[in-house]
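# Working through the structure, step by step
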Amino acid sequence: MTATATTDATATNPVLRIAPATPAAAAAFFGASLAFHADVSDVASVLAAGGDPGFVVLDSRSTASWDQGHVPGAVHLPTALIPEQAEQLLDRSVPVVTYCWGPGCNGATRAALALAELGFQVKEMLGGFEYWVREGFAYETWEGSERRSADALTAPVDADECGC
């Protein structure tokens, strides 16, 4: 293929229309992303190990949402109340992992921003409560503990971990 043909193919290819970042830029971006995000499975595995996880999980949803289901051991603090209540409920020396409903909701991002602006170290749990449930982890409701089977589209059904 000639250089002109390659350029023409790239121009019509929506994936490559904008060239990929350099490896150094990609490493910087993805490294930074990991500093801001935590995976549902990683959070669950650390919590399941028992002991001090080294972080606190914060549910930033409404009380009605919290009652419907939440991560066991999470602190409930709706985003709108963070500025006035975070200092009383959280220890500034302990990193906070925020979550909201799921990937279609940016509530955990807004909560993380509010906490960061108050001086807390914070990460956002990717997938939120939706993926916590879809990956088959136990959760608490106002009626007690529940657990659903793992969704084969989000978690392996025959293994303890996905191997990521």
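This text goes with the structure placed above it.
What you are looking at is a predicted structure, and each value in this text was computed from that prediction instead of being measured. Each chain has its residues counted from 1, following the order in which its sequence is written. Totals for whole chains, interfaces and linings use every residue, but because this is a predicted model, local features are given only for residues with pLDDT of at least 70 and side-chain atom pairs only at 80 or more, for both listing and counting. Excluding hydrogens and water, the side-chain values take into account all heavy atoms of the structure.

### Topic: the overall build of the chain
- Only runs of H or I of at least four residues qualify as helices and only runs of E of at least two qualify as strands under DSSP, and these elements are numbered from the N terminus. Each helix and strand in the chain was counted, giving 7 helices and 7 strands.
- When the helices and strands of the chain are placed in sequence order, the string is α-α-β-α-β-α-β-α-β-α-β-α-β-β.
- C-alpha atoms define the radius of gyration in this analysis, and the globule rule sets the expected value at 2.2 Å times the number of residues to the power 0.38. Scaling as 2.2 N^0.38, a compact globule of 164 residues should have a C-alpha radius of gyration of about 15 Å, whereas the chain reaches 20 Å, well beyond that.
- Once the C-alpha set of the chain is aligned to its principal axes, its extents read approximately 65 × 40 × 30 Å.
- Counting every position in the chain, which comprises 164 residues, the buried fraction comes to 32%.
- Residue contacts are defined here by distance: any two heavy atoms, one from each residue, within 4.5 Å place the two residues in contact. Counting only contacts in the chain whose residues sit at least 6 apart along the sequence, the fraction spanning at least 24 positions is 61%.
- The protein chains shown are the only cover counted for residues, whose accessible areas, like all others here, come from Shrake-Rupley with a 1.4 Å probe. Surface accessibility of the chain: about 10000 Å² in total, with carbon and sulfur atoms responsible for 59%.
- The positive charge centre, built from 8 side chains, and the negative charge centre, built from 20, are 5 Å apart in the chain. Categorising residues by exposure relies on relative accessible area from a 1.4 Å probe, with only protein chains included: less than 20% of the type maximum marks a residue as buried, more than 50% marks it as exposed, and the intermediate range marks it as partly exposed. Counted as positive: Lys and Arg. Counted as negative: Asp and Glu, with His and the chain ends omitted from the count. Charge positions are represented by NZ for Lys, CZ for Arg, CG for Asp and CD for Glu.

### What to know about the packing of aromatic side chains
- Only centres within 6.5 Å qualify two rings of Phe, Tyr or Trp (six-membered ring in Trp) as a pair; their planes then separate them into stacked at under 30 degrees, edge-to-face at over 60, and tilted for everything else. Here the structure, examined in full by the defined rule, presents 5 aromatic pairs.
- Here the aromatic rings of Phe129 and Tyr139 are separated by 5.5 Å at their centres, their planes lie at 90 degrees, and the arrangement is edge-to-face. Here Phe129 is found in helix α7 (residues 128-134), whereas its partner Tyr139 is found in strand β6 (residues 139-141), with 10 residues between them in sequence. Neither Phe129 nor Tyr139 differs from the other in exposure class; each is buried.
- Geometrically, the ring pair formed by Trp132 and Phe137 is tilted, given 5.2 Å between the ring centres and 50 degrees between the ring planes.
- For Trp132, a relative accessible area of 4% corresponds to the buried category.
- Grouping aromatic residues by their ring pairs yields a cluster made of Tyr99, Trp101, Phe129 and Tyr139.
- Directly above the aromatic system of Phe120 lies the positively charged group of Arg92, at a separation of 4.8 Å from the ring centroid. To sit over a ring, a charge needs its Lys NZ or Arg CZ within 6 Å of the ring centre and within 35 degrees of the ring normal.

In short, the description is geometric, and any link to function would need to be established separately.
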